[in-house]
Amino acid sequence: MSPQPVPSADASTPPVFVTGAAGHVGANLVRRLLEDGMRVRVLLRHEDNNAALEGLDVERTFGDIRDLNATRRAIEGCQGVYHVAARISTIEGNRAHRREVFDCNVVGTRNVLTAARETEAGRVVMTGSFSAVGYDLDNPSAPSNEAMQFYPMDRTMPYERSKSLAEHECWRAAAAGQDVVVATCCAVVGGADFLPSRLGRAMCDYSNRKLHAYVDGGFEFVAARDIVEGHLLCMRRGRSGEKYIFSSEFKTISEIIDLWEEVSGVPRPRRKIPSSAMLVFSEVASFYLSRFHPDFPQRFTPGAIRLLRKRLHADTGKARRELGFKPTSLRAAVHEAYAFHYHQRSVITNPDAKRPVANGAGRPDRVLTGQGVRPAAEGESS
Ligand SMILES: NC(=O)c1ccc[n+]([C@@H]2O[C@H](COP(=O)([O-])OP(=O)(O)OC[C@H]3O[C@@H](n4cnc5c(N)ncnc54)[C@H](OP(=O)(O)O)[C@@H]3O)[C@@H](O)[C@H]2O)c1
């Protein structure tokens, strides 16, 4: 199938459709689409935190992707679909939780694909997860690419399995002739993190001295602006029925803490807990909490620790070669995230934490505007 034409800024062109627009990736994607002059229609849920869309010139529809009719009504008249919504979770959870994860991520994806096909909405770009990409079983930290199949025989999280099954929904639709591309996302770092994300919360807790220990291990991280760029590249140039991995950099947790230390000026916790020990502790805690208090926030879940221990690396060669993807700096993304939580959410209350005015080069690299954070012009102060 041929790549989609880039829609123009003309107000008479149909809007693009975005699910999950209130979330971390969605909020960044919507801002970029608006900056690019696109008309945007979003699907939101009434009862949830939609602060990310406040003040933005978007068409709002309300509904749940588990509801096919509501999804079809919402997509009707759009051209181009970014299916970003998912129920993210790193816990095993109880039966109800696992059902919610499955229904949102697998049935929801099937519904979005069906609705897009029935309303002739054109290409669907679905946000995939790097945790649902395969890896070398004998050497997990060897770079993973798109051709490696998710391995379900290890202990995996319901979320990981659901994202793998969501991809299968995409491949099934593509095999039947639908135009669909998967933009595979790593752990996202950046601003416009209104909900906020687990990583954003951890950085704020760190800055407020509420993080008393950290674990070893590492993962692939992607700057919010890079995963947004990846989605746009998939829409414009991706090959239908293919997936592309977008990452900015592999970092160990210790290197992420280095960046948090730099950005906040707050010294790191003294305790670094070996992930092998943390895994045992978290298995016990999670067994109890998942069953009896599934909504209790768990920072170090067994699933997350198992992932960190694998130190999975991403091979972004396919996205670079085929789409011209050029990742930017994760360090800048950490500064952007810190500025967002400090200024926009005002949740960094530790008086010893730095004001986010400058990047490591001693000049502001990001400036806050009513709509978020943008790169600073030469000589501008934030
Ligand atoms: N963040 C990461 O580090 C990361 C890493 C790998 C992959 N991803 C993928 O990236 C995508 C976006 O992640 P994110 O970080 O932006 O997640 P997020 O901040 O948790 O946002 C997810 C959004 O999806 C919406 N949503 C969930 N279930 C829905 C349903 N049944 N109907 C309608 N909307 C629903 C949520 O709406 P409510 O606000 O109403 O709940 C929320 O706005 C997901 O597909 C995720 O799997 C993210």
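Now for a quick tour of the structure. From a predicted model like this one, the values you see are computed outputs, not experimental measurements. For every chain, the first residue of its written sequence is number 1, and the numbers climb from 1 along that sequence. Local features are withheld for residues below a pLDDT of 70 in this predicted model, meaning they are given only at 70 or higher, and side-chain atom pairs are given and counted only at 80 or more; totals for whole chains, interfaces and linings count all residues. The side-chain numbers reported here are obtained from all heavy atoms of the structure, hydrogens and water having been left aside.

### Some remarks on the environment of Ser 346
Where helices and strands are cited, they refer to DSSP runs of H or I of at least four residues and of E of at least two residues respectively, numbered from the N terminus. In this structure, Ser 346 sits in the loop between α11 (330-344) and β15 (366-369). Residue classification places Ser 346 among the partly exposed positions, given a relative accessible area of 48%. With 127 residues separating them in the primary sequence, Ser 346 and Phe 219 have C-alpha atoms 28 Å apart. Each residue's exposure class comes from its accessible area (1.4 Å probe, protein chains only) as a fraction of the maximum for that residue type: buried when under 20%, exposed when over 50%, partly exposed otherwise.

### As for the site of the ligand
The immediate surroundings of the ligand are formed by 25 residues, with Asp 48, Asp 64, Val 84, Tyr 159 and Lys 163 found nearest. The backbone of Val 188 places a nitrogen or oxygen atom 3.0 Å from an oxygen atom of the ligand. Sorting the residues of the shell around the ligand by element identifies α1 (24-35), β5 (124-129), α4 (158-175) and β8 (187-189) as the ones contributing at least two each. With three residues, the top contributor of residues to the shell around the ligand is β5. Nearness of a residue to a molecule or strand requires only that one of the residue's heavy atoms be within 4 Å of it. Distance and chemistry together define a polar contact, namely a pair of N or O atoms within 3.5 Å, with one atom able to donate a hydrogen and the other to accept it when in protein, and with adjacent residues in sequence counting only for side-chain atoms on both sides.

### Some words on the sheet that holds strand β12 (residues 249-252)
In spatial order, the strands read β8-β10-β12; together these three strands make up an open sheet with mixed pairing. Edge positions in the open sheet fall to β8 and β12, since each of these has one partner strand only. The average angle at which neighbouring strand axes cross in this sheet is 45°, direction not considered. In this analysis, strands are considered paired if DSSP registers two or more bridges between them. Relative to β12, strand β10 (residues 218-223) runs antiparallel, the two sharing four bridges. Residue pairing in the sheet places Gly 218 in a bridge with Thr 252 of β12. Angular values range over 0 to 180 degrees, each being the angle between N-to-C directions of two axes fitted as lines to C-alpha atoms, with helices fitted over their stretch in contact.

### Notes on helix α9 (residues 302-310)
Of all nine residues making up α9, eight are buried, and the element is well covered by its neighbours. Of all the residues in α9, the buried ones are Pro 302, Gly 303, Ala 304, Ile 305, Arg 306, Leu 307, Leu 308 and Lys 310. Contact criterion: two residues are considered in contact whenever any of their non-hydrogen atoms come within 4.5 Å of each other. In this structure, the buried residues of α9 make contact with α4, β9 (213-215), β10, α7 (253-264) and α8 (275-292).

### So, the packing of aromatic side chains
Only centres within 6.5 Å qualify two rings of Phe, Tyr or Trp (six-membered ring in Trp) as a pair; their planes then separate them into stacked at under 30 degrees, edge-to-face at over 60, and tilted for everything else. Tallied over the full model, the rule gives seven aromatic pairs. Both rings, one in Phe 194 and one in Phe 340, keep their centres 4.9 Å apart while their planes meet at 75°; by these two values the pair is edge-to-face. Here Phe 340 lies in helix α11 and Phe 194 lies in the loop between β8 and α5 (198-207), a separation of 146 residues in the sequence. The exposure classification of Phe 194 matches that of Phe 340, with both residues buried. Pairing Tyr 338 with Tyr 342 gives two aromatic rings, centres 5.9 Å apart and planes at 40°, and the pair type is tilted. In this pair, Tyr 338 and Tyr 342 are both assigned in helix α11, four residues apart and thus about one turn of the helix distant. Like Tyr 342, Tyr 338 is buried. By the ring-pair criterion, three or more aromatic residues cluster together here, those being Phe 130, Phe 219 and Phe 221. Across the ring face of Tyr 244, the terminal group of Lys 318 is positioned such that the distance to the ring centre comes to 4.8 Å. Charge-over-ring placement is defined geometrically: NZ (Lys) or CZ (Arg) within 6 Å of the ring centre, and within 35 degrees of the ring normal.

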